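# Architecture at a glance
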Amino acid sequence: MYQSKLQSFISKVQQHKSVVLVGPMAKSFPTEWPLLPVLGVDGGCNKAPAEKYDFTLGDGDSLAPTLPLDLVFPVDKDASDLALALQHLPPGPLAIHLYGFWGGRFDHQVINLGELHARLMKEGGEVCFHTDSEYQVLGLPAGRHTLALQGLFSLFSPLPTLFSIDGACRFPLAPTQVDSLSSRLLSNEGHGEVTLTANQPFFCYMRKP
């Protein structure tokens, strides 16, 4: 039965080219994009009535025991619920909004970044970790991107990356090879449109618009 619901969800994602993932660390159900398809991931399904989610999945270890999931994974598995959620998205570039996947256990946090970086490497698109602070984390594919940046921002990638930074910022950068997770691009300051160019997918830690 879940197959027809999953296909309906996938079709909706393909139509909008966007999806909202709600995870266990979410404090409430996101309401910014009421028309976008919503995928509830394990404990993220606790945040609203079932009809608010287009599809739900997980192993149930952070879920209220009375709530059913559309697709249940075994607790003993070799991938996280987020990794398996990403596997159930259609291929191709998507805008992926993540709520409830930032904070909590440090190992989960780092591995969440790794899973999303792998998605960007394979499919392109962009991802955004929405947080409860004044900052968010935007993941972008390789290429040239112009962002409106106000205040502190930092860039990083799990891979050695050729970066350049132009525009309204404190520290522009000529094309420079930067090591993986280097402090070289830590704590820049934007005050308008900034153009970021990279030959690998990367993350931008930035103030919320």
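Residues numbered from 1 in each chain as written. Predicted model: local features only at pLDDT ≥ 70, side-chain atom pairs only at ≥ 80, totals over all residues. Heavy atoms only, no water.

### Things to note about the packing of aromatic side chains
Selection rule: To pair, rings of Phe, Tyr and Trp, with the six-membered ring standing in for Trp, must have centres within 6.5 Å; the planes then decide the type, stacked if under 30 degrees apart, edge-to-face if over 60, and tilted in the middle. For helices the rule is a DSSP run of H or I covering at least 4 residues; for strands it is a run of E covering at least 2, with both sets numbered from the N terminus onward. Burial status follows relative accessibility: with a 1.4 Å probe on protein chains alone, a residue under 20% of its type maximum counts as buried, one over 50% as exposed, and anything between as partly exposed.
Within the structure shown, the criterion is met by seven aromatic pairs. Centre to centre, the rings of Trp 102 and Phe 129 are 5.4 Å apart; their planes meet at 55°, and the pair counts as tilted. Of this pair, Trp 102 sits in the loop between β5 (95–99) and α3 (106–123) while Phe 129 is found in strand β6 (residues 126–130), placing the two residues 27 residues apart along the sequence. Residue Trp 102 is classed as partly exposed on the basis of its relative accessible area, which comes to 27%. Seen in terms of ring centroids, Phe 156 and Phe 203 are 5.5 Å apart; in terms of plane orientation they differ by 25°. Their pairing is stacked. Taken together, the residues span a long stretch of sequence, with Phe 156 in strand β8 (residues 143–156) and Phe 203 in strand β12 (residues 202–207) at a distance of 47 residues. In this pair, the class of Phe 156 matches that of Phe 203, namely buried.

### Focus: α3
Side chains of residues three or four places apart in an α-helix project in the same direction, reflecting 3.6 residues per turn. Our working definition: To estimate how far a helix should extend, the number of its residues minus one is multiplied by 1.5 Å. By definition, residues are in contact when any of their heavy atoms lie within 4.5 Å.
The end-to-end C-alpha separation of α3 is 26 Å, in line with the 26 Å expected for 18 residues at 1.5 Å each. Residues of α3 that are buried make contact with α2 (81–87), β5, β6, β7 (135–140), β8 and β12. One or two positions beyond α3, positive phi appears at Gly 124, with a value near 75°.

### Concerning the sheet that holds β12
Two modes of strand pairing occur in sheets, parallel and antiparallel, and in both the strands are linked by backbone hydrogen bonds. We count it as follows: When DSSP finds at least two bridges between two strands, those strands are taken to pair. The angle between two axes is taken between their N-to-C directions and runs from 0 to 180 degrees, where each axis is a line fitted to C-alpha atoms and a helix contributes only its stretch in contact.
Strand order across the open sheet formed by 12 strands is β4-β3-β2-β1-β5-β6-β7-β12-β8-β11-β9-β10, with mixed pairing between neighbours. Each edge of the open sheet carries a strand with a single partner, namely β4 (71–72) and β10 (173–178). As judged from the six bridges shared by strand β9 (residues 161–169) and strand β11 (residues 188–198), these two strands associate in the antiparallel manner. In the sheet register, Ser 164 faces β11, and the bridge partner there is Thr 197. Packing against the sheet, α3 makes contact with β5, β6, β7, β8 and β12, and its axis sits at approximately 160° to β6.

### Quick look at empty space enclosed by the protein
For clarity, the threshold we go by: The way it works is a 1 Å grid over only the protein atoms, where trapped points that fit a 1.4 Å probe form a cavity and open points with protein on both sides within 12 Å along at least five of seven lines form a pocket, and then any residue with an atom within 4 Å of a point lines it. Grid points are joined across faces, edges and corners, and a volume is the space filled by probe spheres set on the points. Lys, Arg, Asp and Glu make up the charged group, whereas Ala, Val, Leu, Ile, Met, Phe, Trp, Tyr, Cys and Pro make up the nonpolar group; the residues left over, Gly among them, are polar.
Under the defined criterion, the tally for this structure stands at one cavity of 30 Å³ or more. Estimates place the volume of the largest cavity at around 40 Å³. For the lining of the largest cavity, the secondary-structure elements that each account for two or more residues are β8 and β9. Among the residues making up the lining of the largest cavity, the classes are represented as seven nonpolar, three polar and one charged.

### Concerning the layout of surface pockets
In this structure, the largest pocket spans a volume of roughly 510 Å³. For the largest pocket, the lining is made up of 22 residues, of which Pro 24, Ser 80, Asp 81, His 108 and Asn 112 are closest to its centre. In terms of residues, the lining of the largest pocket owes the most to one element, α3, which gives five residues. Its residues assigned to classes, the lining of the largest pocket comprises seven nonpolar, eight polar and seven charged. If you add up the space inside the second largest pocket, you get close to 290 Å³.

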